[in-house]
Every structure is written in C-alpha cells, then in structure tokens.
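# Structure at a glance
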Amino acid sequence: MKIAIFPGSFDPFTCGHKDIVRQSLSLFDKLIIAVGYNSSKRGFLTVEDRVEVIENSISDLKREGANVEVISYTGLTIDACANYGASFIVRGVRGTADFEMESVIAQANKKINPNISTLFLTASLEYSYISSTIVRDIVLNGGDPKGFICEGIDIRKYLK
Ligand code: ADP
C-alpha cells in the first residue's frame, strides 16, 4: 500500500492545500494530512481547531470514498512517517521560493531516512497565489476569506 504524508502547519487549511490533497489522492492508496505541532509557536488556530477545519474541508472527498486521514504530530516529520507507515512525503510548490526551501528540507530528510521520498506537486494556477498567511491577514483585518478557504468553513468562529 502506497501511503503518503502531507505535512504542514495548515494555519488555516486553504483551497491551495485541498488542491494538493486532491492531486495526492490520485497518486497514493492512502493520504495522511499531518498538522505539525510546534509548542513554542502560538498559532492563529489551535492544533485541534486546525484538525477540525481540515476534517470539514475534506468531508466531500471522504464521502466520495477517499482514503484520507487527518492527524497532528510533534517532532520530526520523518518520524511521523515511520509511525504511520508512510514512504512518501508530499509538499506543494507554488514557485521557485517554495522549491528552494523545500529541496533543502527534502535532502535533509533523505539523509536521515533514505527509505522515504519527498514528492513536490505543482500548485494549480488558480490557487498558486493562496497562502495561509494571506488568509490570516484577511480574517484578522475583518475581511472575508471566501475563495481562499473551502466552502462552508467559517474560520472566524475559531478565533479566540
Ligand atoms: P508549512 O508551515 O509546513 O510550510 P503550510 O501549511 O504553509 O505549512 O503549507 C503546507 C504545504 O502546502 C507546503 O508544502 C506548502 O508549500 C503547500 N502549499 C501552501 N499553499 C499552497 C497553495 N496555494 N498551493 C499549493 N501548495 C500550497
């Protein structure tokens, strides 16, 4: 069984992230969306809320029978891969800036565990400008993030 992990902060999960999830589901038997938890960094949303937002954002895919799970983890992504039996790490790449940063991390992970490969999936054109940072800016300034996050998600209700 080809299992992949899609790790990230997902603070919050956006349409761009969902696009990568969709692309991944056509490549792997199972996808684990893994919310990385950094205890020293206070996020916009709590990890529990990020997981809930993702669950709600992908409920349509699950109804269609997609084999996708949402988890949170602490520590190294490469260790989370071993814990969940994943041989692949998926990352989305919007442009050269993403690629430069991601390739260094991928090489380090390869050095730590040569059995795990990182795959870069290209952001679709219609979502390539979307980032969690922009969504946070919109919401924190009282704007409406419609079109940036998945339909039916009211991100403002999670603000503490
Ligand atoms: P991190 O803090 O680990 O970079 P993010 O939640 O910002 O976590 O992103 C998780 C992954 O999703 C990263 O690989 C990132 O490049 C990718 N990503 C973010 N936004 C988009 C987008 N609009 N289209 C495609 N991939 C994206």
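First things first, this report covers the structure right here in the doc.

Reading guide: rules and limits
- Residues numbered from 1 in each chain as written.
- Predicted model: local features only at pLDDT ≥ 70, side-chain atom pairs only at ≥ 80, totals over all residues.
- Heavy atoms only, no water.
- Helix = DSSP H or I, 4+ residues; strand = E, 2+ residues; numbered from the N terminus.
- Contact = heavy atoms within 4.5 Å.
- Core = buried A, V, L, I, M, F, W, Y, C linked by side-chain atoms within 4.5 Å.
- Buried < 20%, exposed > 50% of the residue type's maximum accessible area, 1.4 Å probe, protein only.
- Pairing = 2+ DSSP bridges.
- Right-handed = clockwise from strand over helix to strand, strands pointing away.
- Near = heavy atom within 4 Å.
- Polar contact = N/O pair within 3.5 Å; in protein donor to acceptor, adjacent residues only side chain to side chain.
- Areas by Shrake-Rupley, 256 points an atom, 1.4 Å probe, with all protein chains shown as cover.
- Nonpolar A, V, L, I, M, F, W, Y, C, P; charged D, E, K, R; others polar.

## Here's the deal with the environment of Phe44
With respect to the element layout, Phe44 can be found in the loop between β2 (30–36) and α2 (47–57). Placed 57 residues apart in sequence, Phe44 and Met101 show a C-alpha to C-alpha distance of 23 Å. Excluding residues within four positions of it along the chain, Phe44 makes contact with Asp11, Pro12, Arg136, Val139, Leu140, Ile155 and Leu159.

## What to know about the nonpolar core
Counting residues in each nonpolar core, the largest one holds 33 residues, and the members touching the most others are Phe13, Ile33 and Ile155. Elements supplying a minimum of two residues to this core: β1 (3–8), α1 (15–25), β2, α2, β3 (68–73) and α6 (132–140). For this core, the element with the highest residue contribution is α2, accounting for four residues. What Ile33 contacts, discounting residues up to four positions off in sequence, is Phe6, Phe10, Val21, Ile54, Ile58, Val68, Glu69, Val70 and Ile71. Counting residues in each nonpolar core, the second largest holds 12 residues, with Ile3, Ala34, Ile71 and Ile78 among its members.

## Side note on the pairing of strand β5 (residues 117–122)
In this structure, strand β4 (residues 88–93) lies alongside β5, joined through six bridges in parallel fashion. Bridging across to β5, Val93 finds its partner in Thr122. At this point the chain moves from β4, through helix α5 (residues 96–112), to the parallel β5, and the crossover so formed is right-handed.

## What to know about the site of the ligand
The full set close to the ligand counts 16 residues, and Ser9, Phe10, Gly92, Tyr127 and Ile130 are the nearest of them. Ser9 has a polar side-chain atom sitting 2.5 Å from an oxygen atom of the ligand. In this structure, Arg94 approaches the ligand through a side-chain N or O atom, which is 3.3 Å from a nitrogen atom. Protein contact buries 85% of the 550 Å² of open area that the ligand shows by itself. For the shell around the ligand, the secondary-structure elements that each account for two or more residues are β1, α1, β4 and α5. Each residue belonging to the shell around the ligand can be placed in one class, and the counts come to seven nonpolar, five polar and four charged.

## A few points about α2
Burial in α2 covers these residues: Val47, Asp49, Arg50, Val51, Val53, Ile54 and Ser57. The elements touched by buried residues of α2 are α1, β2, α3 (59–63) and β3.

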